[in-house]
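Structural description and commentary
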Amino acid sequence: MEQIQRYDDEAPVLVGAPASAAAQAPVSYKRFTAWCATVVGAGVLLVTGFVAVIDPYHLYGFVDSPALNHVKPLPEQYREQIKLAQATAVRPDLILLGNSRVEVGLDPDSPQVSAHGRTAYNMGLSGTSLTTSERMYVQLRESAAPAAMAVIGVEFLDFLVKPDEAPAAPAASGPLPWQWRFDTLFSIKSLTDALRTVRLQKAADPETMTGRGQTPLRNYNQFARQEGYYAIFQQKAGDNAKTLMRKPHNLFVAGTNRSESIDRLRTLLDTMARDRTEVHLVIYPYHAQLMAMFEEAGLQSTLDDWRQMLVREADAVRARYPNARVNVWDFSGYAGMRCERIPGPGDTRTATRWYWEAGHFKSTLGERILQRILGGETAFGFRLGADTLAANRQRIAAERAQCAGDYPQVFAGARDLVANARASAP
């Protein structure tokens, strides 16, 4: 306002000019205000137009140019809302749900998916649990038809609870639809991400998310070239060891057959049974290093109990809904790919084929999972049922013996990592 007043004060009025000239001051003020509004409006249109055309979050699709915006950055905010909007636009009949292991390892653009006439979207979100998966599925059903098939990654560690653990409080409400839509179109962050999108087109291994929701961790290639896979495995293994030290060893709240994760699983399975969605529960193919760390942390028997619980829940939903189609697949174990050798310290030339590190598998291994679920010919993966649990235990024991004989270093290393974490635990 001070500038505006100065502008009016400095408006020239010639000496001897008619008094009517002084009356033009209000006209100048209006012109100035209109000029300011025009400049601001043009700026808003320029920013929103630039963000909409570059489209850093796969929301608009006006332009798809390899030289301009084909590769998109990994969003750092509103990831759940962005994925839901993308999935609504894609209208998938195959959805992939789970945490980062699904988000990284299962490729919805897999040729196997299209060969089976499916349209897939990866709704996996890193750092989330079944609570988020269930919420996203319910929200997706509000705007799209139920999926014909769902692949749900179930995380063993998310099912561990303290016996006296109280039910989780309801999740805080997310941002209003207009709020996240506005922020992803007109904000400093959206403008920064649009500029980052343009720069990413020339990057060798950018951190990115595809238009169908996968985060393929291409940026890990750069880390591997600089520090080697051994460093990546060791860093994540150290983090995993500390996490395991903090985890309880129980599946149920005392005196019940429930926990937050089990409740969410039941609700999700019931909803999909009513939707006539074919469900495939997937136990992740943890690398032998992480499986050995489960052992060292004393979680082996709980892991076995957890497999039995999943089978019981699948049987229970089939009893409640006779037409329900629910399959439980165990891709964990120690054989073959899961016993992949970790390149040695200082080796920056050898690349792994199946794993980024012990907890996250590459799309190459994810292809084997999809192949098995979609009916392809592969021995990878074991279908679990009440009548196959004993055989599965025998399989895993035999695989462990084989892996321990071929690759004893991975078990010795896991023992050291857990011992160090236990010694440093408060």
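One structure accompanies this document, and this report is about it. (Residues numbered from 1 in each chain as written. Predicted model: local features only at pLDDT ≥ 70, side-chain atom pairs only at ≥ 80, totals over all residues. Heavy atoms only, no water.)

A count of helices and strands for the protein chain gives 17 helices and 8 strands. Its C-alpha radius of gyration of 28 Å places the protein chain more than 25% over the 22 Å reference for a compact globule of 426 residues. The C-alpha extent of the protein chain, read off along each of the three principal axes, is 105 × 55 × 50 Å. Looking at the protein chain as a whole, 47% of its 426 residues qualify as buried. Within the protein chain, residue pairs in contact and separated by at least 24 positions form 80% of the contacts whose partners lie at least 6 positions apart. For the protein chain, the accessible surface area stands at approximately 20,600 Å², while carbon and sulfur atoms represent 55% of it. Positive and negative charge centroids in the protein chain, built from 47 and 45 side chains respectively, lie 2 Å apart. (Helix = DSSP H or I, 4+ residues; strand = E, 2+ residues; numbered from the N terminus. Rg over C-alpha atoms; globule rule 2.2 N^0.38 Å. Buried < 20%, exposed > 50% of the residue type's maximum accessible area, 1.4 Å probe, protein only. Contact = heavy atoms within 4.5 Å. Areas by Shrake-Rupley, 256 points an atom, 1.4 Å probe, with all protein chains shown as cover. Lys, Arg positive; Asp, Glu negative; His and termini not counted. Charge placed at Lys NZ, Arg CZ, Asp CG, Glu CD.)

Of note in the backbone geometry, Asp55 takes a positive phi value of approximately 55° without being a glycine. Of note, Asp55 is situated in the loop between helix H3 (25–54) and helix H4 (79–90).

Right, let's get into the layout of surface pockets. As a volume, the largest pocket reaches approximately 550 Å³. Taken together, 29 residues make up the lining of the largest pocket; nearest its centre are Ser100, Arg101, Gly127, Lys236 and His360. Listed by contribution, the elements that provide at least two residues to the lining of the largest pocket are helix H5 (100–105), helix H10 (219–227) and helix H11 (229–246). Counting residues per element, the lining of the largest pocket draws most heavily on H11, at 5 residues. (1 Å grid on protein atoms, 1.4 Å probe; cavity = no way out; pocket = protein on both sides within 12 Å on 5 of 7 lines; lining within 4 Å. Points joined across faces, edges and corners; volume = space filled by probe spheres on them.)

Moving on, we come to H4. Along its 12 residues, H4 runs 16 Å from first to last C-alpha, staying within 8% of the 16 Å computed at 1.5 Å per residue. Counting buried positions along H4 gives 9 out of 12 residues, so the element sits mostly inside the fold. Residues of H4 that are buried: Arg79, Glu80, Gln81, Ile82, Lys83, Leu84, Ala85, Gln86 and Ala87. Backbone geometry just downstream of H4 places Arg91 in the positive-phi region, at approximately 50°. (Expected span 1.5 Å × (residues − 1).)

On to the packing of aromatic side chains. What the rule picks out here adds up to 13 aromatic pairs. Aromatic pair Tyr284 and Tyr286: ring centres 6.2 Å apart, planes at 75°, arrangement edge-to-face. Classification of Tyr284 by relative accessible area gives buried; the value is 1%. Plain terms: the ring middles of Tyr286 and Phe294 are 5.3 Å apart, the flat faces sit at 80° to each other, and that makes the pair edge-to-face. Exposure class is identical for Tyr286 and Phe294. Each is buried. Taken together through their ring pairs, the aromatic side chains of Phe156, Phe159, Tyr284, Tyr286, Phe294 and Trp306 make up a single cluster. The lysine or arginine in question, Arg341, covers the ring of Tyr407, its NZ or CZ lying 4.6 Å from the ring centre. Here Lys362 stacks its cationic end above the ring of Trp356, 4.5 Å away from the centre of that ring. (Phe/Tyr/Trp six-rings, centres within 6.5 Å; stacked < 30°, edge-to-face > 60°. Lys NZ or Arg CZ within 6 Å of the ring centre and 35° of its normal.)

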